[in-house]
Amino acid sequence: MATKAPSPQADRSPIVAGLLSLILPGLGQVYGRQQYRGGVIFISELLAVLTAVWYKVPAWYAAPAIIWIWNVWDAVGAARGRLRSTLLPIAAALIMGYGIGWQITNIDLPALTRNSHRAAMILAPMLRPDFLSQVEVTNTAWAPVEVPCGPNPPASTNTINGITVTISPNCGKLNDALTLQASGLWPNTETLIQWSTPIGDRLPLGKGFITALYVPADAQGNLNVVIHVSPNALTAAPDPTLPLEHRVYLTQSHPQAAMQLSKNGAYVVDGIIQTLFLAFMSTTLGALLAVPFSFLAARNLMGGNPLTLSVYFIVRTILNILRSIEPLIIAIIFVVIVGLGPFAGMIAITLHTIAALGKLYSEVIEGIDPGPLEAIRATGGNWLQMVRYAVIPQIVPPFASFTLFRWDINVRTSTIIGFVGGGGIGFYLYQWIIKGDFRAVSSSFIAIAIIVIILDYVSARVRSRLV
Amino acid sequence: MLKVEHLTKVYPNGTVALKDVSFTVNDGEFLVIIGLSGSGKSTLLRCINRLIDPTEGRILLDDADVTKASSGDLRQLRRHIGMVFQQFNLVKRSSVMTNVLSGRLGYVNPFLSLAGIWSRADRDRALKALDRVGIKDKAYERADALSGGQQQRVGIARTLMQEPRLILADEPVASLDPVLSHSILQYLEQLNKEGITVLCSLHFLDLVHRYATRVIALKDGVKVFEGLPKEINRAKFKEIYGEEAQEVRATTVEEG
Ligand SMILES: Nc1ncnc2c1ncn2[C@@H]1O[C@H](COP(=O)(O)OP(=O)(O)OP(=O)(O)O)[C@@H](O)[C@H]1O
Ligand SMILES: [Mg+2]
């Protein structure tokens, strides 16, 4: 860094230089005609002191102290016409930086092994991705129960699909025992019994009301069991004293040999399709809109007069600012404006694409060879012919290559933009992570990996043909 | 055929590239312009087809005033003035064929050319031009797949598409090695013998002696010499190129 400074001359007093640097780091170097070096030393020392003060760890004062002492020695050297090695102060600053960095990032290596049981909890379901499920034929019926009891309880017997279900008594309070009888079920088949609240929440009726209750039907297809009103039946009720109709559901199922997309598997497919089109729309729209901006941001086109030059600076600045904001953050703003969903994500990624491609395109335009333009003009071609034969052939292949690369990046961004409500697979993924449904998380990971790898490969192949 | 009168060019930054230059070019001449780097050779050649607008003076091409031509008239005039460049100025990513065809842009229907549609006749003409410079087999390769000498031949083929009456060549061989220099200049000489007037700037004196029918020399934008190649003796040479200059030959490499 000091290479550009004039070579030091040995015509200054080393004692004065040393004293000056002792009072104010860098001052002695300035006195020794090493203004740049002095400035860097002063700023470094200032930063080192401020950092040490801010983090209040006494050990960190060592670094500014070392730099300070070194700086005095260096000032004496500068006055004698010698430049000292900067190894020591740089090493002191780096050690301090690593120490503080360690402290700030809360590095806790033992945590990696301490919580291994959590890893197992996540990994086990992840090894069984929830994408396909067996096709099942089901047999379902239900009967009503009123909770709590009111003046006109509903009929206690209900027949559906040839299954007759009777509950007695046909009303009750929380935890009351009820007798459930059913006939017409598939014989010798496990039957799932669930409580259904008026808003359709299915509650388990097994042990402690947290596990599922399975009861087998007998050889005649009959079933007789005592159940209890779920203690959670009124959790979502607006007024627990108001009698409302609840239901008890009976479900039998026979698995078949065929496989089908599971419910979550269908969500994964839906999310991936959304993601791909989100990326496709924002890349093409962004690329189209980036073209006019890139012309305005190309110095060789806009440098002609002060007016166009100021347009150039304004457009450049806007593009730079826009490009420095992550699409995730832009998406948060648009989720507020246009609501949850892919539209917000699309706007965010489109804006970011305009900024990123606008810059790259403008660099392509700045880099075109003016020779062919001159040659076409010399043949008597008009302006449009010049653009068609000399400009477009030079810019289209790199434009296309950059655009494909952007598409690649946008697909990746589209997979996580859903975390802030911007649509796509990330929207589902986020909910599954929160719910702890790691089988679904796993299938979305796999789906994301597959499309990213495929697109990576395709875009690299196509781009290599463009150059 | 070409008359340059009191030509002066001052660039916007104040550089005076040409100062009151006058000369005449007759039909069928091979006129060579010499001068040090920065003496104004490129500026002079570009003023003639007005790739650069001169500041003062007149240029008459067969009595048509180039300096006063409207942009439409100018395109008509440029059709007949071919130009060969030191850096070839080909579109590197386009095919050789497209580069050659682009020399015809001044003649064809603009709309068809914008759509990239070329008539059978023009395609044949392009192949014939490539054949003349000996690279017909390269017609469908990308321009940047060719060697420097071949690229310059594409440049000449492109010029031929214009059916030019005058060819301006701005140091056409400065990017090429000595052997290739001769092969390129021989193509220009051949065209010159067929009646095309050539105005060419060159660096090496041996090439000037070999190809020029007449020479003009520029120094700091001023014409300091006009005459036959053999009139450039040691004293004249020192006057044009300065006291310290050594005569450098393009062909020293082969001649030892
Ligand atoms: N666009 C420009 N703007 C300002 N000054 C220019 C411009 N082009 C050329 N000049 C200057 O005009 C003078 C003549 O340049 P020109 O390129 O015509 O010389 P030349 O004889 O062709 O030199 P060379 O042998 O290096 O090609 C030089 O001093 C050059 O710096
Ligand atoms: Mg030049």
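Rules used throughout
Residues numbered from 1 in each chain as written. Chains lettered and ligands numbered in written order. Predicted model: local features only at pLDDT ≥ 70, side-chain atom pairs only at ≥ 80, totals over all residues. Heavy atoms only, no water. Helix = DSSP H or I, 4+ residues; strand = E, 2+ residues; numbered from the N terminus. Expected span 1.5 Å × (residues − 1). Buried < 20%, exposed > 50% of the residue type's maximum accessible area, 1.4 Å probe, protein only. Arc of directions from axis to C-beta. Contact = heavy atoms within 4.5 Å. Salt bridge = Lys/Arg side-chain N within 4 Å of Asp/Glu carboxyl O. Near = heavy atom within 4 Å. Polar contact = N/O pair within 3.5 Å; in protein donor to acceptor, adjacent residues only side chain to side chain. Nonpolar A, V, L, I, M, F, W, Y, C, P; charged D, E, K, R; others polar. Domains from an automatic or database assignment. Pairing = 2+ DSSP bridges. Axes fitted to C-alpha atoms, helices over the stretch in contact; angles between N-to-C directions. Patch = residues over 30% accessible without salt bridge, like charges linked within 9 Å, V, L, I, M, F, W, Y side chains within 5 Å. Areas by Shrake-Rupley, 256 points an atom, 1.4 Å probe, with all protein chains shown as cover. pLDDT = per-residue confidence, 0-100. Disulfide = S-S within 2.5 Å.

1. Examining helix α3 (residues 35-55) of chain A
Residues and elements named next belong to chain A.
- Here α3 contains 21 residues, and its C-alpha end-to-end distance of 30 Å stays within 8% of the 30 Å for a straight helix at 1.5 Å per residue.
- Restricting attention to buried positions, one finds in α3 the residues R37, G38, I41, E45, A48 and A52. Along the axis of α3, the buried positions cluster into a sector of 100°, meaning they face one direction only. Among the exposed residues of α3, those pointing more than 90 degrees away from its buried face are Y36, L47, L50 and W54.
- Against α2 (27-31), α4 (62-79) and α5 (87-104) lie the buried residues of α3.
- Directly after α3, the chain includes K56, whose backbone phi takes a positive value near 50°.

2. Things to note about the pattern of salt bridges
Residue and element names in this part refer to chain B.
- This structure, assessed with the given rule, holds 29 salt bridges over all chains.
- Between R104 and E163 there is a salt bridge, with its nearest N and O atoms 2.9 Å apart. Taken together, the residues R104 in the loop between α3 (96-101) and α4 (110-114) and E163 in the loop between α6 (148-160) and β7 (166-170) connect sequence positions 59 residues apart.
- Between D124 and R120 there is a salt bridge, with its nearest N and O atoms 3.9 Å apart. Here D124 pairs with R120, and both are found in helix α5 (residues 120-132), just 4 residues apart, close to one helical turn.
- The class of R120 is exposed, set by a relative accessible area of 61%.

3. Details of the site of ligand 1
Residues and elements named next belong to chain B.
- Taken together, 14 residues lie around ligand 1, and S37, G38, K41, S42 and T43 are the ones closest in.
- G38 places a main-chain nitrogen or oxygen 2.7 Å from an oxygen atom of ligand 1.
- Backbone polar atom of S39 to an oxygen atom of ligand 1: 3.2 Å apart, as the coordinates give it.
- With 3 residues, helix α1 (residues 41-48) is the largest single contributor of residues to the shell around ligand 1.
- Partitioned by chemical class, the residues of the shell around ligand 1 number 3 nonpolar, 9 polar and 2 charged.

4. Things to note about the domain arrangement of chain A
- When cut into domains, chain A gives domain 1 (14-104), domain 2 (133-260) and domain 3 (264-466).
- One C-alpha centre belongs to domain 1 of chain A, the other to domain 2 of chain A; they are set 78 Å apart.

5. Remarks on the sheet that holds strand β3 (residues 30-35) of chain B
Residues and elements named next belong to chain B.
- Across the sheet, which stays open at both edges, the 6 strands sit in the order β6-β7-β8-β3-β9-β10 with mixed pairing between neighbours. Both edges of this open sheet fall to β6 (81-84) and β10 (222-227), since each of them pairs with a single strand only. Between one strand axis and the next, the sheet turns by 15° as a mean value, whatever way the strands run.
- Sheet topology places strand β9 (residues 214-219) next to β10; 5 bridges connect them, and they run antiparallel. What sits directly across from A217, in β10, is F225.
- Its contacts with the sheet place α6 against β6 and β7, and it is angled at close to 175° to β6.

6. A closer look at the environment of I135(B)
Residue and element names in this part refer to chain B.
- Note on placement: I135 falls in the loop between α5 and α6.
- Of the residues examined, I135 reaches a relative accessible area of 2% and is grouped as buried.
- In sequence terms I135 and V154 are 19 residues apart; their C-alpha atoms lie 8.1 Å from each other.
- Once residues within four sequence positions are removed from consideration, I135 is found in contact with L130, L146, Q150, R153 and V154.

7. Some words on a nonpolar patch on the surface
All names here are of chain A.
- A surface patch of nonpolar side chains, amounting to about 1100 Å² of accessible area, comprises I15, L19, L22, I23, L24, L27, V30, F42, I43, L46, L47 and L50.
- Elements with a contribution of two residues or more to the nonpolar patch: α1 (14-23), α2 and α3.
- Looking at which element gives the most residues to the nonpolar patch, the answer is α3, with 5 residues.
- Looking at the secondary structure, you find L47 in helix α3.

8. Details of unusual backbone geometry
- Residue P148(A) follows V147(A) across a cis peptide bond; omega there is -20°.
- Within the element layout of this structure, P148(A) appears in the loop between β1 (132-147) and β2 (157-160).
- Here the amide bond leading from S168(A) into P169(A) is cis, since omega sits at -5°, within 30 degrees of zero.
- Among the structural elements, P169(A) can be located in the loop between β3 (163-168) and β4 (177-183).
- Although it is not a glycine, D20(B) adopts a positive phi angle of roughly 50°.
- With respect to the secondary-structure elements, D20(B) resides in strand β2 (residues 16-25).
- Backbone geometry places D220(B), a non-glycine residue, at a positive phi of 50°.

9. Remarks on the interface of chain A and chain B
- If you look at the interface, chain A gives 23 residues, while chain B gives 30 residues.
- Where chain A packs against chain B, one counts 2 salt bridges.
- D369(A) is the partner of K92(B) in a salt bridge, and the nearest nitrogen-oxygen pair spans 3.5 Å.
- Where chain A touches chain B, the interface holds 11 residue pairs in polar contact (both at pLDDT 80 or more).

10. A word on the confidence of the model for chain B
Residues and elements named next belong to chain B.
- Chain-level statistics for chain B give a pLDDT mean of 91 and a share of 95% at 70 or above.
- In this model residues 252-256 is a low-confidence stretch, pLDDT under 50, and it forms 3 contacts with partners more than four residues away in sequence or in other chains.
- What the predictor reports for the complex is a pTM of 0.72 with an ipTM of 0.92.

11. Observations regarding the sheet that holds strand β4 (residues 56-61) of chain B
Residues and elements named next belong to chain B.
- With antiparallel pairing, 4 strands are arranged side by side in an open sheet as β2-β1-β4-β5. At either margin of the open sheet sits one strand with a lone partner, and together these are β2 and β5 (64-65).
- Each of β1 (2-10), β2 and β4 is contacted by α1, which is oriented at about 60° to β2, the strand it contacts most.

12. Brief notes about the side chain of N89(B)
- Position of N89(B) among the secondary structure elements: in the loop between β6 and α3.
- Among the residues examined, N89(B) registers a relative accessible area of 6% and is labelled buried.
- In this structure the side chain of N89(B) is engaged in a polar contact, spanning 3.1 Å, whose partner is the backbone oxygen of G371(A).
- If near-sequence neighbours (up to four positions away) are discounted, N89(B) is found in contact with G371(A), P372(A), E374(A), A375(A) and R158(B).

13. Notes on the state of the cysteines
- Here the structure, examined in full by the defined rule, presents 1 disulfide over all chains.
- Across the disulfide from C149(A) sits C171(A); the S-S distance is 1.9 Å. Of note, the bridge from C149(A) to C171(A) carries an S-S torsion of about 95° and is right-handed in sense. Linking C149(A) in the loop between β1 and β2 with C171(A) in the loop between β3 and β4, this pair joins segments that are 22 residues apart in sequence.
- We classify C171(A) as buried; its relative accessible area is 13%.
- Free of any disulfide, C47(B) has its nearest neighbouring cysteine sulfur in C200(B), separated by 17 Å.
- A relative accessible area of 0% means that C200(B) is categorised as buried.

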